[in-house]
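# Observations on the three-dimensional arrangement
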Amino acid sequence: MEPADLLARMSKMFRADIGPAIADEYPRTQAYLSSVVLQKLSLQLRNAEAHAAAETSERAALVSDLEHLLAVAPVPASVSDAVASLAASGDAGLCALIEVLYAAREELDQARFETLLGRVRADLRRSIDRRMEVAA
């Protein structure tokens, strides 16, 4: 049995069998909460590979898109450096890129700043949507 299936089965057992069999309110609540936690872990395990692949693919697309957007006109070196290190630095690199974009906001014209930041926000939105699949 796959770990995700085992956790889902345990979740169902806590919700359908153990929780209703407990008379005291606090332990019964804890059984139901355990069911929710186990179900969430099951979904995370089940989706882990697909989410990691999507994250990698989308990050590569983000870097490619940003490189094309930067090639249009000169940008501050800090912006191009942050984009260059983005692929290898994960979420920390994305945070650093956002900070650099805001720091260079005056050097970039407003439209270009919005375009670059908008592309980053689209990537962040997709990442949040994937995480919400598990939270729902």
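Before reading on, note that the structure itself is shown above.
The notes below deal with the structure included here. Everything numeric here is computed off the predicted structure, so don't read it as measured data.

## Notes on the overall build of the chain
Check the secondary structure of the chain and you find four helices and zero strands. For the chain, the sequential pattern of α-helices and β-strands runs α-α-α-α. The globule rule puts the C-alpha radius of gyration for 136 residues at 14 Å, and the 22 Å found for the chain is more than 25% above it. Principal axes of the C-alpha set define a box for the chain whose edges measure 70 × 30 × 20 Å. Within the chain, residue pairs in contact and separated by at least 24 positions form 61% of the contacts whose partners lie at least 6 positions apart.

## Some points on a nonpolar patch on the surface
A contiguous nonpolar surface patch, about 320 Å² in accessible area, is contributed by Leu33, Val36, Val37 and Leu41. For Val37, the position within the fold is in helix α2 (residues 25-70).

## Points about the packing of aromatic side chains
Tallied over the entire structure, the rule returns one aromatic pair. Here the aromatic rings of Tyr102 and Phe113 are separated by 5.2 Å at their centres, their planes lie at 70°, and the arrangement is edge-to-face. Here Phe113 lies in helix α4 (residues 110-135) and Tyr102 lies in helix α3 (residues 77-103), a separation of 11 residues in the sequence. The exposure class of Tyr102 is partly exposed, given its relative accessible area of 36%.

## Here's the deal with α3
The terminal C-alpha atoms of α3, which comprises 27 residues, lie only 12 Å apart, well short of the 39 Å expected from a rise of 1.5 Å per residue. Approximately 145° is the largest bend angle found in α3, and it occurs at Ser89. Among all positions in α3, only Val79, Ala82, Val83, Leu86, Gly93, Leu94, Leu97, Val100 and Leu101 are buried.

## Here's the deal with the nonpolar core
If you look at the biggest cluster of nonpolar residues, it comprises 18 residues, and the most contacted ones within it are Leu66, Leu86, Leu97, Leu101 and Val120. Of all the elements in the fold, those that place two or more residues in this core are α2, α3 and α4. Looking at this core element by element, the count peaks at eight residues for α3. With residues up to four places along the chain from it excluded, the contact list for Leu66 reads Val83, Leu86, Leu97, Leu116, Arg119 and Val120.

## Looking at the side chain of Arg112
Following the sequence through the fold, Arg112 ends up in helix α4. Look at Arg112: it is buried, it has no salt bridge, and the nearest opposite charge is Asp109 at 5.9 Å. A polar contact of 3.1 Å, which involves the side chain of Arg112, links it to the backbone oxygen of Pro74. With sequence-adjacent residues up to four places away left out, Arg112 is seen in contact with Leu69, Leu70, Ala71, Val72, Ala73, Pro74 and Val75.

## Observations regarding the pattern of salt bridges
Per the counting criterion, the structure on display carries 12 salt bridges. Residue Glu55 pairs with Arg59 through a salt bridge whose shortest N-O separation is 3.5 Å. In this pair, Glu55 and Arg59 both sit in helix α2, four residues apart, roughly one turn of the helix. Note that Glu55 and Arg130 form a salt bridge whose closest N and O atoms lie 2.5 Å from each other. Residue Glu55 is located in helix α2, and its partner Arg130 is located in helix α4; the two are separated by 75 residues in the primary sequence. The class for Glu55 is partly exposed, based on a relative accessible area of 23%. When salt bridges with common partners are traced through the structure, they connect Glu55, Glu58, Arg59, Asp91, Asp123, Arg126, Arg130 and Arg131 into a single cluster.

Cut-off values and rules
- Residues numbered from 1 in each chain as written.
- Predicted model: local features only at pLDDT ≥ 70, side-chain atom pairs only at ≥ 80, totals over all residues.
- Heavy atoms only, no water.
- Helix = DSSP H or I, 4+ residues; strand = E, 2+ residues; numbered from the N terminus.
- Rg over C-alpha atoms; globule rule 2.2 N^0.38 Å.
- Contact = heavy atoms within 4.5 Å.
- Patch = residues over 30% accessible without salt bridge, like charges linked within 9 Å, V, L, I, M, F, W, Y side chains within 5 Å.
- Areas by Shrake-Rupley, 256 points an atom, 1.4 Å probe, with all protein chains shown as cover.
- Salt bridge = Lys/Arg side-chain N within 4 Å of Asp/Glu carboxyl O.
- Phe/Tyr/Trp six-rings, centres within 6.5 Å; stacked < 30°, edge-to-face > 60°.
- Buried < 20%, exposed > 50% of the residue type's maximum accessible area, 1.4 Å probe, protein only.
- Expected span 1.5 Å × (residues − 1).
- Bend = angle between axes of the 7 residues up to and from the residue.
- Core = buried A, V, L, I, M, F, W, Y, C linked by side-chain atoms within 4.5 Å.
- Lys, Arg positive; Asp, Glu negative; His and termini not counted.
- Polar contact = N/O pair within 3.5 Å; in protein donor to acceptor, adjacent residues only side chain to side chain.

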